[in-house]
Amino acid sequence: MAMSSGHPGSGLRGRTREFEALNRLVDGVRSGRSSVLVVRGEPGVGKSALLEYVRGRASGCRIAQVGGVESEVELAFAGLHQMCSPMLERVEDLPGPQRDALRVAFGLREGAAPDRFLVGLAVLTLLSEVAAERPLVCLVDDAQWLDRASVQAMAFVARRLLADPVAVVFAVREPSDERELNGLPELVVEGLGDADARLLLASAIRGRLDERVRDRFVAETRGNPLALLELPRGLTPAEVAGGFGLPGSRPLASRIELSFIRRLESLPRETRRFLLTAAAEPVGDAGLLWRAAKRLGIGVDAPAPAEAAGLIELDARVRFRHPLVRSAAYRAAPFHERQEVHRALAEVTDPEADPDRRAWHRAHAALGPDEAVAGELERSADRARGRGGVAAAAAFLERATELTSDPARRGARALAAAQVHLMAAAPDMAWKLLATAELGPLDELQRARVERLRAQIAFARRRGSDAPPLLLTAAERLEPLDAGLARETYLEAFGAAIFAGRLSGDGVLETAGAVRAAPPARLPARPTDLLLDGLATRFTEGYAAGVPPLQGALHAFRRGHDSKEDNSRWLWLACRTATDLWDDEAWHELSTREVRLARDAGALDLLPLAVTYRAGVHVHAGEFAAASELLDEADAITEVTGNAPVSYMSLVLAAWRGQEARTVALVEASALDAIARGEGRAIVLAEYSTAVLYNGLGRYEGALAAAQRACEYDDLSFFGWALVELVEAGVRSGRPEIAAHALRRLGERTGASGTEWALGIEARSRALLSDGRAADALYREAIDRLARTRIAVHLARAHLLYGEWLRRENKRLDAREHLRTAYDRFSRFGAEAFAERARRELLATGETVRKPTAQTLAALTAQEAQIARLARDGHTNPEIGSQLFLSPRTVEWHLSKVFTKLDISSRRQLRHAL
């Protein structure tokens, strides 16, 4: 970790507000509470000094520390390994999957690449175990320079700490592109006040200082302590007295670094070479540094002048006074000297123990293209991928590309680097490398892969209407070259076109036509092949023709004969197809499997989408609390990773709950964002949700308008759902002709599907347009069929509509029975608008009904309810923690609150209490 200023208290003067925040953090962890704080500020403002203050204040606590180093950002999990290395003797105590994930991530054993999420869970459990002995304080300096895999894992841990005596303090330089820590509690450190700044400046300048010059120093440094101490150094008294002005064109960090460079220039050459070697060696290993120095012919006395100047400390580890000293020592050196230093470091680095760092040093030492080094970097990229370090693998491959002279091999490596950069969520860098790849003599297959990757980048950037035609063109080009890859690309095109929806023009139809014209799949067909062909049939020959092949595809997916990777990747589309076919059992089964596979693999990219589709099952089952828990989990994951949030089902849930203000706000935000990106699917979802909301509120004209807009385009699954709302809204708003037309379109689908969900919905919709005995029979049929499904919300609506019809038929006693059933169910679900609609109808029958009070609502939070259910089902605290990404101690803390709220004292009582 970086040293604090050589002037005692120079970074801490006038820091009352900061002291109070840090004292609360230390006091909290001593009393058994978790604490997290992100300290942000510009270079030199005193962040490192504040971390040193925490270190000194946390007596009796165990300290774990790590400092980010700019040259280390490409090495996956390097920062995390540095922080955890003193605790690795406790790794044996971790659950097997977590133990193995951490060992593979740290390169301690071979194995399949662990997901970063599983690594984060392992670190969470490790810190919890260590903190059980005595409070643990983790200090992370210069977090903006940590490798991305490490900072994601640390941010994940910080967000999941709650009941463990662990404090984590991050120091982050501003401005910074770091986003993983966004949303955590922050302490923004600003410059000193004028009075403290003047005192600090006076301590750095000997002799009298003109007041106007002093005030100019204070204003131009904005009270930055390091700038106040360093910028006057090297200036003559005449320059100071004459009103030395700081060059306004340079950022403050650059000016401070230039001040350090001036100080370095006054040191002996051998001292500067030693500092350069130390700056190029990011781990701070003193033994390694001295071996490299010896190879460079640097004597043992070389560092003495730098130590005397307070620029560096040499102990078991090497510590620079400030990160800007390190960067100044490195950047001020001539390029050829940097190469010499990296070459020496590579030669003294053990190729068996640390082959990747050795390869990186060799790459920096290369005088030009070097195939041996490029090959070594490729092997390092493979090892990085094996540890789950995708960003590190991308950096290795990019550098390997730069060191490759053969044009064909250079193009192939650039293409591979681009692909991995896309996997690492760096589409801009992937795009740049594609341009490099295209300069080489690529063969036809490689050029087709370039085209496909360009389309994938477009989809990753916007998820909009520009991606489908690009993917379609790539698929057509791949057909004669790689039939399997071509079909996979066609399915990608379908997925992209479904997202683009109405904003893609005829994108879905064009994709379907191209698939029908393409060569058939090899036999035996995979579930993904069946899904692709079924979707093509559905959109070219019509819904009814597509039902049999799509049912076959769903059956194949449910048998699970496809590989885990293929299932994990395409289960979302299978789930959407299941809802399009009104197959609630397939939806339930496939969404359950998708969540399980994502959890088992710790698949950070797939899990948010998986739990979102599973949440949709819970919404339709009337299990709003369970849906909310999963959506909160998805939000937490995307917040940790920085990926785009998946907000679709949150909108649907808000509409079914009858939360007008929230639904309207989500609809407006979703529509604006969707139009900007070209994602038409979000538009139909917003209109469908609006129709549900207004049908629940009894504002049928608004529901009618929204449902009509939703039905302007045949979106997979949502089109059929919107037709249901359109029938009801049309009848209730006095537009039976609109309702009748919607019913005809709905019947074509539900009749072809033939499921209980489909036929129950059709019967209920037909009843709305029927009279007398026909209507009565249809309502009863709808209730009977929907009662045999998982779609509880529509069963409750069937009771509501039947009760409303019975009341209008003056059958008040019969009406009360169904209206009471609807009211009770909607109230239990939390569907407030539909419950109120049922209550008003009950009042009209002469029955007295009270609105639900706060006491009847669940006392448990969403997470408490989820933990309680898992505990009720027999899961242990570690098992619950592994599933919900919490430490066992945090699970225990939540359960204690559950017991108090439910007035119980043991797990055995949970089944009755819940």
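In this report, the structure presented in the accompanying data block is examined. (Residues numbered from 1 in each chain as written. Predicted model: local features only at pLDDT ≥ 70, side-chain atom pairs only at ≥ 80, totals over all residues. Heavy atoms only, no water.)

**Comments concerning the overall build of the chain**
Here's step 1: Along the chain, the regular secondary structure elements total 46 helices and seven strands.
Here's step 2: When burial is assessed residue by residue, the chain has 57% of its 914 residues classed as buried.
Here's step 3: Of all intrachain contacts in the chain linking residues separated by at least 6 positions in sequence, the fraction that spans at least 24 positions is 71%.
Here's step 4: Surface exposure of the chain reaches about 36,600 Å², of which carbon and sulfur atoms provide 50%. (Helix = DSSP H or I, 4+ residues; strand = E, 2+ residues; numbered from the N terminus. Buried < 20%, exposed > 50% of the residue type's maximum accessible area, 1.4 Å probe, protein only. Contact = heavy atoms within 4.5 Å. Areas by Shrake-Rupley, 256 points an atom, 1.4 Å probe, with all protein chains shown as cover.)

**Brief notes about empty space enclosed by the protein**
Empty space left among the atoms is revealed by rolling a probe the size of a water molecule over them.
Here's step 1: The final tally for this structure, using the stated rule, is twelve cavities of 30 Å³ or more.
Here's step 2: By volume, the second largest cavity is sized at about 100 Å³.
Here's step 3: Considering the residues around the second largest cavity, the lining is formed by ten residues, among which Glu488, Leu491, Arg526, Thr528 and Trp570 are closest to the centre.
Here's step 4: Only helix H24 (483-500), helix H26 (527-541) and helix H28 (564-580) provide two or more residues apiece to the lining of the second largest cavity.
Here's step 5: Looking at the lining of the second largest cavity residue by residue, the class counts come to three nonpolar, one polar and six charged. (1 Å grid on protein atoms, 1.4 Å probe; cavity = no way out; pocket = protein on both sides within 12 Å on 5 of 7 lines; lining within 4 Å. Points joined across faces, edges and corners; volume = space filled by probe spheres on them. Nonpolar A, V, L, I, M, F, W, Y, C, P; charged D, E, K, R; others polar.)

**Focus: helix H39 (residues 772-786)**
Here's step 1: Compared with the 21 Å implied by 1.5 Å per residue over 15 residues, the 22 Å span of H39 between its first and last C-alpha is a close match.
Here's step 2: Where H39 is concerned, the buried positions are Ala775, Asp776, Leu778, Tyr779, Ala782, Ile783 and Leu786. Buried residues of H39, viewed axially, fall in a sector of 165°; they line one side. With respect to the buried face of H39, the exposed residues turned more than 90 degrees away are Arg773 and Arg780.
Here's step 3: For H39, the elements touching its buried residues are helix H38 (756-768), helix H40 (792-808) and helix H41 (812-829). (Expected span 1.5 Å × (residues − 1). Arc of directions from axis to C-beta.)

**Overview of the pattern of salt bridges**
Here's step 1: Under the definition given, this model contains 67 salt bridges.
Here's step 2: For Glu18, the salt bridge is made with Arg17, and the minimal N-O distance between the two is 3.1 Å.
Here's step 3: A salt bridge links Asp100 to Arg99, with the nearest nitrogen and oxygen atoms 4.0 Å apart.
Here's step 4: Relative accessible area serves as the criterion here: at 27%, Asp100 is assigned to the partly exposed category.
Here's step 5: A single network of salt bridges, built from pairs that share partners, joins Glu725, Glu728, Arg732, Arg797, Glu804 and Arg837. (Salt bridge = Lys/Arg side-chain N within 4 Å of Asp/Glu carboxyl O.)

**Focus on unusual backbone geometry**
Here's step 1: Between Leu523 and the following residue, Pro524, the backbone shows a cis peptide bond with an omega angle of -5°.
Here's step 2: In the Ramachandran plot, Asp142 falls in the positive-phi region, its phi being about 50° despite a non-glycine side chain.
Here's step 3: With respect to the helices and strands, Asp142 occurs in the loop between strand E3 (136-141) and helix H6 (148-160).
Here's step 4: Looking at Asp142, the relative accessible area reads 6%, which means it is buried.
Here's step 5: In the Ramachandran plot, Asp903 falls in the positive-phi region, its phi being about 55° despite a non-glycine side chain.
Here's step 6: Position of Asp903 relative to the elements: it lies in the loop between helix H45 (888-902) and helix H46 (910-913).

**A closer look at the packing of aromatic side chains**
Here's step 1: By the definition in use, this model includes 19 aromatic pairs.
Here's step 2: Taking 5.1 Å as the distance between ring centres and 45° as the angle between the ring planes, the aromatic pair formed by Phe274 and Trp290 counts as tilted. Note that Phe274 is positioned in helix H12 (residues 269-280) and Trp290 in helix H13 (residues 286-295), a separation of 16 residues in sequence.
Here's step 3: Aromatic side chains Trp360 and Phe396 sit 5.6 Å apart centroid to centroid with 80° between the ring planes, which places their arrangement in the edge-to-face category. Linking Trp360 in helix H17 (residues 355-365) with Phe396 in helix H19 (residues 390-402), this pair joins segments that are 36 residues apart in sequence. (Phe/Tyr/Trp six-rings, centres within 6.5 Å; stacked < 30°, edge-to-face > 60°.)

**Observations concerning the sheet that holds strand E5 (residues 186-188)**
Here's step 1: Read from one edge to the other, the open sheet built from five strands follows the order E2-E3-E4-E1-E5, with strand pairing classed as parallel. For this open sheet the edge positions go to strand E2 (62-67) and E5, each flanked by a neighbour on one side alone. Within this sheet the neighbouring strands show an average axis-to-axis angle of 15°, counted without direction.
Here's step 2: In terms of strand pairing, strand E1 (residues 35-41) meets E5 through three bridges, oriented parallel. Bridge pairing links Arg40 to Val188 in E5.
Here's step 3: Across the sheet, helix H5 (residues 116-131) touches E2, E3 and strand E4 (166-173), and the angle it forms with E3 is around 135°. (Pairing = 2+ DSSP bridges. Axes fitted to C-alpha atoms, helices over the stretch in contact; angles between N-to-C directions.)

**Details of the nonpolar core**
Here's step 1: Within the largest apolar cluster, 205 residues are counted, with the highest numbers of intra-cluster contacts made by Leu80 and Phe170.
Here's step 2: Per-element accounting of this core gives the leading share, eleven residues, to H5.
Here's step 3: Not counting the four nearest positions on each side in its chain, Leu80 is found in contact with Phe106, Val119, Val123, Ser150, Ala153 and Met154.
Here's step 4: Counting residues in each nonpolar core, the second largest holds 35 residues, with Ile256, Ile261, Leu324 and Val341 among its members. (Core = buried A, V, L, I, M, F, W, Y, C linked by side-chain atoms within 4.5 Å.)

**Structural notes on the side chain of Ser591**
Here's step 1: Mapped onto the elements, Ser591 comes out in helix H29 (residues 584-601).
Here's step 2: Given the relative accessible area of 0%, Ser591 is considered buried.
Here's step 3: Looking at Ser591, its side chain comes within polar contact range of the main-chain oxygen of Trp587, at 2.8 Å.
Here's step 4: For Ser591, the residues in contact, after removing those within four places along its chain, are Cys575, Ala586, Tyr613, Arg614 and Val617. (Polar contact = N/O pair within 3.5 Å; in protein donor to acceptor, adjacent residues only side chain to side chain.)

**Some thoughts on the packing of H19 against helix H20 (residues 407-423)**
Here's step 1: Where H19 meets H20, the axes come as close as 8 Å, and the angle between the chain directions of the two elements is 160°. With respect to H20, the axis of H19 lies roughly antiparallel. Taken as a pair, H19 and H20 cross one another with a handedness that is left-handed. Residues Val390, Ala393, Ala394, Ala395, Leu397, Glu398, Ala400, Thr401 and Glu402 of H19 touch H20, and the partners they reach there are Arg410, Arg413, Ala414, Ala416, Ala417, Val420, His421 and Met423. (Parallel < 35°, antiparallel > 145°, perpendicular 65-115°, else oblique. Left-handed = near helix turned anticlockwise from the far one by under 90°.)

**A word on the side chain of Thr404**
Here's step 1: Looking at the secondary structure, you find Thr404 in the loop between H19 and H20.
Here's step 2: Within polar-contact distance, the side chain of Thr404 engages the backbone oxygen of Ala400 at 2.6 Å.

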